[in-house]
Protein chains: 2
Amino acid sequence: MPPKPVTAAVLVIGDEILSGRTKDKNVGFIADFLTERGIDLCEVRVVPDVIDEIVAALNALRHRYSYVFTTGGIGPTHDDVTAEAVGAAFGLPVVENPQAIELLLQRIKPEDLNAARRRMAHMPVGAALIENSVSKAPGFKIGNVIVMAGVPMIMQAMLAAVAPSLETGARTLAKSITVGNIPEGTYAADLAAIAAQNPELAIGSYPSVVNGQFANEIVVRGKDADSIAAAVAAIERVIADLRATGKDKFTFR
Amino acid sequence: MPPKPVTAAVLVIGDEILSGRTKDKNVGFIADFLTERGIDLCEVRVVPDVIDEIVAALNALRHRYSYVFTTGGIGPTHDDVTAEAVGAAFGLPVVENPQAIELLLQRIKPEDLNAARRRMAHMPVGAALIENSVSKAPGFKIGNVIVMAGVPMIMQAMLAAVAPSLETGARTLAKSITVGNIPEGTYAADLAAIAAQNPELAIGSYPSVVNGQFANEIVVRGKDADSIAAAVAAIERVIADLRATGKDKFTFR
């Protein structure tokens, strides 16, 4: 029996992403991290620093996927409302975590640990801390929700810290076939037939434009190396046939 | 009376973003584009190339925001299912658009316009075309949903083409205050007080780490230049006071 799939969503919290001020660098990093571990990233949402919006998104995602990873909104300023929102989503009181205070005191002198900085230790009761090797203020995990910072360097440190505790699934393997400038429409019908014969695989065709020419790539993804290899071989035969018969030489008008 | 806010969501459609293979470059570009036009981007979602998922996300977003911009899934291959999903979301049949066929024929010879390529002309009945100055295959607009390509260069061309037809709102103005390495916790209480006095403004504090030092920035956003200027002046006084009294010289343990 194949192992149970392990799934995830990412919830990016931050006005600054929606306004365009900050270009998100976390989603792609987390996507790679999850794919490497056999955790299937199924959905991403970006919401503003508004408690009701965070609660609604979190409750939609946490019941549906094995894990929800949040980024952003856990600092000491008034616009950092993630911990409060996570508490509200779970119906749990948000309290000062003494262990988090201890971690903050490893970096901050007691006389500097003002009310704003203490907010970084506020989290839903029962949360487990996630180490922050960069600047101490921890993330946390409550239920299946993993709450991380938005600053990429800190988010990455937290992801590394939480990694050993994550359930992992069968890794999704991927093989790429470089097609180059043969247009998608030339191989689309053959590719569709191969995809239809292999419903357990996800076969995608990805065009990009490099120096005014298409630079297309076909990617075959799935859990079983043998069926991926067979599909890749079938696709490579299609491409080789197009080249052998000169049908790859497509000219646009 | 202030003008009615114009809002938007972005729906990114693509397995390749969720697997990490492709790092999205469209959301940040669209966010900047919308902000410049006084359209408030309120939510972003990324979903896989799965019709039911696209339909559910689209129906959640299109009833809530003035516009939904989708990217991805409008090519000629089997994994391009956006047009079909948009039709399903609106309960409209997806038909071959003759005007889109004409556009395809500007680039593709009649003998090469196979069934796969004709799929690029399939769209919900009643859709209005969006010009693609890069490679002709058009995007489309149906209701308040704007359907665009995923390739950034083509997406950008479509966004430029649709721009003149978009309703615009009062532009959200933003002023940034460079705080540098004064930690957020040092100014958080004063900033919270200024934010509480200006509920019409969105005031955010954005830390980043540059060469191991915090490089913090405060951003004041809103529709009214005078109230932004007043809040910025108040924040600048807080920062100047911290510097004048030496309280900016924070040392971590």
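Residues numbered from 1 in each chain as written. Chains lettered and ligands numbered in written order. Predicted model: local features only at pLDDT ≥ 70, side-chain atom pairs only at ≥ 80, totals over all residues. Heavy atoms only, no water.

The subject of this paragraph is the overall build of chain A. Assigned secondary structure in chain A consists of 9 helices and 13 strands. Against the 2.2 N^0.38 benchmark of 18 Å for 253 residues, chain A shows a C-alpha radius of gyration of 23 Å, more extended than a compact globule. Projected onto its principal axes, the C-alpha positions of chain A cover 80 × 45 × 30 Å. Here chain A holds 253 residues, and the buried ones make up 53% of them. Taking the intrachain contacts of chain A between residues at least 6 apart in sequence as the baseline, contacts between residues at least 24 apart amount to 69%. As displayed, chain A has an accessible area near 10800 Å², and 54% of this comes from carbon and sulfur atoms. One way to put it: in chain A the 24 positive side-chain charges average out to a point 3 Å from where the 28 negative ones average out. (Helix = DSSP H or I, 4+ residues; strand = E, 2+ residues; numbered from the N terminus. Rg over C-alpha atoms; globule rule 2.2 N^0.38 Å. Buried < 20%, exposed > 50% of the residue type's maximum accessible area, 1.4 Å probe, protein only. Contact = heavy atoms within 4.5 Å. Areas by Shrake-Rupley, 256 points an atom, 1.4 Å probe, with all protein chains shown as cover. Lys, Arg positive; Asp, Glu negative; His and termini not counted. Charge placed at Lys NZ, Arg CZ, Asp CG, Glu CD.)

Moving on, we get to the environment of I228 of chain B. All names here are of chain B. Its location among the elements puts I228 in helix α9 (residues 225-244). You can call I228 buried: its relative accessible area is 3%. Placed 25 residues apart in sequence, I228 and I203 show a C-alpha to C-alpha distance of 9.5 Å. Excluding anything up to four places from it in sequence, I228 contacts L173, K175, L201, V220, R221 and G222.

Let us now look at the sheet that holds strand β10 (residues 202-206) of chain A. All names here are of chain A. If you trace the 3 strands from one edge of the open sheet to the other, you get β9-β13-β10, paired in antiparallel fashion. Strand pairing shows two members of the sheet lacking a second neighbour, β9 (173-180) and β10, which therefore form its edges. When strand polarity is set aside, the average angle formed by the axes of neighbouring strands in this sheet is 15°. Sheet contacts for helix α8 (residues 184-197): β9, β10 and β13 (216-222); angle to β10, the most-contacted strand, approximately 175°. (Pairing = 2+ DSSP bridges. Axes fitted to C-alpha atoms, helices over the stretch in contact; angles between N-to-C directions.)

Attention now moves to the domain arrangement of chain A. We note that the domain assignment places domain 1 (6-165) and domain 2 (173-244) within chain A. For domain 1 of chain A and domain 2 of chain A, the distance between their C-alpha centres works out to 38 Å. (Domains from an automatic or database assignment.)

Let's shift gears to the interface of chain B and chain A. Counting residues at the interface gives 63 residues for chain B and 63 residues for chain A. Buried area between chain B and chain A, summed over both chains or domains, comes out near 5400 Å², and the portion from carbon and sulfur atoms is 55%. If you look at where chain B meets chain A, you find 6 salt bridges. The residue R21 of chain A makes a salt bridge to E217 of chain B at a minimum N-O spacing of 2.4 Å. (Buried area = accessible area lost by both parts, 1.4 Å probe. Salt bridge = Lys/Arg side-chain N within 4 Å of Asp/Glu carboxyl O.)

Now for the environment of N114 of chain B. Residue placement: N114 of chain B occurs in the loop between α5 (98-105) and α6 (115-118). The sequence separation of N114 of chain B and A174 of chain B amounts to 60 residues, and the corresponding C-alpha distance is 50 Å.

All names here are of chain A. On inspection of all chains with the given rule, the structure shows 18 salt bridges over all chains. In this structure, the salt-bridge partner of K223 is D40, at a minimum N-O distance of 3.2 Å. Taken together, the residues K223 in the loop between β13 and α9 (225-244) and D40 in strand β2 (residues 39-47) connect sequence positions 183 residues apart. As a salt-bridge pair, R118 and E96 come within 2.9 Å of each other at their nearest N and O atoms. With R118 in helix α6 (residues 115-118) and E96 in strand β4 (residues 94-96), the pair connects residues that are 22 residues apart, well separated along the chain. On the basis of relative accessible area, R118 is assigned to the partly exposed category, the value being 30%. With relative accessibility at 34%, the residue E96 sits in the partly exposed group.

As a further point, take α9 of chain B. Residues and elements named next belong to chain B. Taking 1.5 Å of rise per residue, 20 residues should cover 28 Å, and α9 covers 28 Å from first to last C-alpha, within 8% of that figure. Where α9 is concerned, the buried positions are S227, I228, A231, V232, A234, I235, V238, I239 and L242. Down the axis of α9, the smallest arc covering the buried residues is 160°, so these residues share one side. Among the exposed residues of α9, those oriented more than 90 degrees off its buried face are D226, R237, D241 and A244. Buried residues in α9 make contact with β9 (173-180), α8 (184-197), β10 (202-206) and β13 (216-222). Where α9 terminates, the next one or two residues include G246, which has phi positive at roughly 75°. (Expected span 1.5 Å × (residues − 1). Arc of directions from axis to C-beta.)

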